[in-house]
Amino acid sequence: MTKLIIQGGRKLSGELEVTAAKNSYLPILAACLLCEEKIELHNYPYYSDTESMCEIITSLGGRIEKEGSVLTVDPSSLFSWKIESELASKVRSSIFTLGALLGRFKRAHVAYPGGCEIGARPIDIHLAGFRKLGVRVEEKHGYIYCNAEKMHPASIMLDFPSVGATESLIMASVNLEGQTRILNAAREPEIVDLQDFLNAMGADVRGAGSSEIIISGVKKLRGCSFTPIADRIIAGTYIIATAMCGGDVLLNGAKAEHLRALIDKIDKSACMIEVKNDKIRVKSDARPIAVGKMETSVYPGLPTDLQAQLLALATISEGSSMIVENVFESRFKHVPELIKMGADVHVKDRVAFVRGVKHLYGASVSGMDLRGTASLVLAGLVADGYTMISNVHHIDRGYKNIEIELSKLGADIKRIDD
Ligand code: UD1
């Protein structure tokens with residue numbers, strides 16, 4: 001089994017390029033299915049989730065070529081609109097292909113992606129939206145069968161600004177004659193990126209980044225070349241790592257405007273942040289100060305994908321913190337592992353109460369989900385002694401070679417295969 005071994009106690013210093021956003025790449029890869037010409041995507045990050053999405057495209061008959069960081073998708077030879085459960089369960093974002101396949105074939109049979117490590121993750125908002133567009137949706141034998149022969153534009157009010165549902169519905173409507181409106185849409189930067197990508201292929205999507213998105217259907221999309229945005233969650237993870245370990249780190253490519261809610265918190269924790277163009281510099285040489293109450297919410301609020309890392313920061317900060325997880329129901333699985341490392345945390349329902357301790361100590365811990373495993377890495381970087389993290393496949397879903405990146409900053413971290 002692969003493990004990460006960390007000897008804590010090193011300050012971080014140096015420069016890193018922030019790799020492309022997983023949460024942009026996944027819907028963009030799905031959106032490639034809408035087109036019949038070659039698409040060139042840049043800064044391909046090789047996360048295991050994006051690799052699984054490439055596998056899905058290949059299973060549908062698409063061709064994928066990778067040359068360094070350039071990924072070429074040729075969806076002209078697509079012959080299938082069915083995704084089997086073995087593939088669908090590998091990456092939850094397989095659900096994005098529903099909207100794209102409906103746009104391309106008017107039909108889609110996709111195995112239900114199922115729950116995941118952070119809670120039930122229903123897809124009712126996606127399906128209610130499809131039904132509003134006139135799609136016949138049937139759920140049986142673990143599959144979602146969609147038939148879009150009678151599809152028509154509509155105004156869809158989402159019950160909750162779900163990122164995935166907003167993206168699925170945009171993709172389903174780009175080829176639909178007439179105007180579709182999505183109200184109470186999610187406003188995450190990755191949705192703006194999807195809009196920019198679709199428009200680069202000739203679609204007409206407006207309003208992403210606000211809560212009303214208008215899609216005017218076009219007949220055909222064309223191939224294009226596109227560079228997805230940098231990963232704000234990875235940038236946020238390294239910002240928090242520097243706040244915890246101390247040091248001086250420059251992150252290239254990261255957009256501070258995508259991280260406003262995090263930067264506001266970190267500014268209060270005895271850490272200095274400087275922003276210049278697409279560069280964020282983080283400097284810290286004192287024990288972090290607890291920032292009090294933190295609540296995750298939809299963008300532009302504090303991202304749920306940074307909750308675990310912020311909780312790790314709170315464990316060694318001076319003072320007490322209260323962290324409220326408002327987005328996902330079951331997202332504190334990292335807490336028992338952090339407690340093994342000496343953290344003082346109590347969880348009640350969706351709230352974690354943290355009393356900062358001066359030192360964490362190394363322990364043998366296990367990753368439970370993607371961001372939770374990142375929080376264990378951060379805890380290991382500051383802990384006294386050695387930390388051994390198992391189940392690191394979780395972190396590989398959304399960070400490419402985290403041990404190499406952190407070693408560049410001076411951390412003592414290695415990957416070993418037992
Ligand atoms: C996306 C991100 C994920 C991030 C999340 C919230 C990708 C690939 N993943 O996930 O990293 O943590 O946004 O910012 O972009 N919900 C329903 N019914 C639905 C859909 C969602 O009840 O049909 C609920 C979910 O259970 C959850 C909340 O809505 O409680 C937010 O989910 P959503 O915004 O859809 O997240 P994802 O798109 O799955």
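It should be noted that the structure appears before, not after, this text.
Residues numbered from 1 in each chain as written. Predicted model: local features only at pLDDT ≥ 70, side-chain atom pairs only at ≥ 80, totals over all residues. Heavy atoms only, no water.

Chemist: What is the right way to look at the nonpolar core in this model?
Modeler: Side chains of nonpolar character tend, in soluble globular proteins, to be buried together. Core analysis: the biggest nonpolar cluster contains 74 residues, and Leu 41, Phe 197 and Leu 198 have the highest contact counts within it. Here the element with the most residues in this core is helix 1 (residues 22–31); it accounts for 6 residues. Excluding its chain neighbours within four sequence positions, the residues that come into contact with Leu 41 are Tyr 25, Ile 28, Leu 29, Cys 32, Ser 69, Val 70, Leu 71, Phe 197 and Phe 226. Leu 262, Ala 352, Val 377 and Ile 395 belong to the second-largest nonpolar core, a separate cluster that totals 71 residues. (Core = buried A, V, L, I, M, F, W, Y, C linked by side-chain atoms within 4.5 Å. Buried < 20%, exposed > 50% of the residue type's maximum accessible area, 1.4 Å probe, protein only. Helix = DSSP H or I, 4+ residues; strand = E, 2+ residues; numbered from the N terminus. Contact = heavy atoms within 4.5 Å.)

Chemist: Would you explain the site of the ligand in this entry?
Modeler: Around the ligand, 18 residues are found, and the nearest of them are Asp 124, Ser 162, Gly 164, Asp 305 and Val 327. Between a nitrogen atom of the ligand and a side-chain N or O atom of Asp 124, the distance comes to 2.7 Å. Gly 164 places a main-chain nitrogen or oxygen 2.7 Å from an oxygen atom of the ligand. Protein chains bury 85% of the 750 Å² of accessible surface belonging to the ligand in isolation. In this structure, the ligand is accommodated by the largest pocket. Elements that contribute at least two residues to the shell around the ligand include exactly helix 5 (124–132) and helix 6 (163–173). With 3 residues, helix 5 is the largest single contributor of residues to the shell around the ligand. A per-class count over the shell around the ligand returns 7 nonpolar, 6 polar and 5 charged. (Near = heavy atom within 4 Å. Polar contact = N/O pair within 3.5 Å; in protein donor to acceptor, adjacent residues only side chain to side chain. Areas by Shrake-Rupley, 256 points an atom, 1.4 Å probe, with all protein chains shown as cover. 1 Å grid on protein atoms, 1.4 Å probe; cavity = no way out; pocket = protein on both sides within 12 Å on 5 of 7 lines; lining within 4 Å. Sits in = over half its atoms within 2 Å of the grid points. Nonpolar A, V, L, I, M, F, W, Y, C, P; charged D, E, K, R; others polar.)

Chemist: Is there a simple way to explain helix 8 (residues 232–245) in this structure?
Modeler: Helical geometry note: an α-helix holds 3.6 residues per turn, so side chains three or four residues apart project in the same direction. For helix 8, built from 14 residues, the straight-helix expectation of 20 Å at 1.5 Å per residue is met to within 8% by its first-to-last C-alpha distance of 20 Å. Of all the 14 residues making up helix 8, 14 are buried; the element is thus mostly covered by neighbouring parts of the structure. Where helix 8 starts, the residue carrying a side-chain oxygen 2.9 Å from the main-chain nitrogen of Ile 233 turns out to be Asp 231. Once helix 8 ends, the next one or two residues include Gly 246, with phi positive near 80 degrees. (Expected span 1.5 Å × (residues − 1).)

Chemist: Just checking my understanding: could you explain the pairing of strand 9 (residues 143–147) for this structure?
Modeler: If a strand is regular, its side chains alternate between the two faces of the sheet. Burial within strand 9 is extensive, with 4 of its 5 residues counted as buried. Taken together, the 5 bridges between strand 7 (residues 107–111) and strand 9 define a ladder with antiparallel strand orientation. In the sheet register, Ala 111 faces strand 9, and the bridge partner there is Tyr 143. From the end of strand 8 (residues 136–140) to the start of strand 9, which pair antiparallel, there are 2 residues, and His 141 there has a positive phi angle of about 50 degrees. (Pairing = 2+ DSSP bridges.)

Chemist: What am I meant to see in the pattern of salt bridges here?
Modeler: Opposite charge on two side chains makes pairing possible when the charged atoms of those side chains draw close. Inspection of every chain in the model, using the stated rule, returns 24 salt bridges. For Glu 212, the salt bridge is made with Arg 181, and the minimal N-O distance between the two is 2.4 Å. One end of the pair, Glu 212, is in strand 13 (residues 212–216); the other, Arg 181, is in strand 11 (residues 179–183), and 31 residues separate them in sequence. Given a relative accessible area of 31%, Glu 212 falls into the partly exposed group. With a relative accessible area of 29%, Arg 181 lands in the partly exposed category. Between Asp 305 and Arg 371 there is a salt bridge, and its shortest N-O distance comes to 3.9 Å. Separated by 66 residues along the polypeptide, Asp 305 in the loop between strand 18 (293–295) and helix 10 (307–316) and Arg 371 in helix 12 (residues 370–382) bring together distant segments of the chain. The pair formed by Asp 305 and Arg 371 is uniform in burial state, with each residue classed as buried. One network of salt bridges, in which partners are shared, links Arg 10, Asp 412 and Lys 414. (Salt bridge = Lys/Arg side-chain N within 4 Å of Asp/Glu carboxyl O.)

Chemist: I tried to follow the side chain of Glu 188 on my own but got confused; where do I start?
Modeler: Summarising the element assignment, Glu 188 is placed in the loop between strand 11 and helix 7 (189–200). Arg 232 is the oppositely charged side chain nearest to the buried, salt-bridge-free Glu 188, at an N-O distance of 4.8 Å. Discounting chain neighbours no more than four positions away, the residues touching Glu 188 are Val 163, Arg 232, Val 298 and Tyr 299. (Lys, Arg positive; Asp, Glu negative; His and termini not counted.)

Chemist: Can you help me understand empty space enclosed by the protein in this one?
Modeler: One pass over the structure, following the stated rule, counts 3 cavities of 30 Å³ or more. A volume near 50 Å³ is recorded for the largest cavity. Taken together, Glu 17, Thr 19, Ile 234, Tyr 238, Tyr 399, Lys 400, Ile 402 and Glu 405 make up the lining of the largest cavity. Listing elements by their share of the lining of the largest cavity, those giving two or more residues are helix 8 and helix 14 (402–408). (Points joined across faces, edges and corners; volume = space filled by probe spheres on them.)

Chemist: Even after reading the chapter, I still don't get the environment of Val 351, so can you show me in this structure?
Modeler: Mapping Val 351 onto the fold places it in strand 21 (residues 351–355). Classification of Val 351 as buried rests on a relative accessible area of 18%. Separated by 59 residues in sequence, Val 351 and Gly 292 have C-alpha atoms that sit 13 Å apart. Setting aside its immediate chain neighbours within four residues, Val 351 contacts Met 322, Ile 323, Val 324, Phe 332 and His 346.

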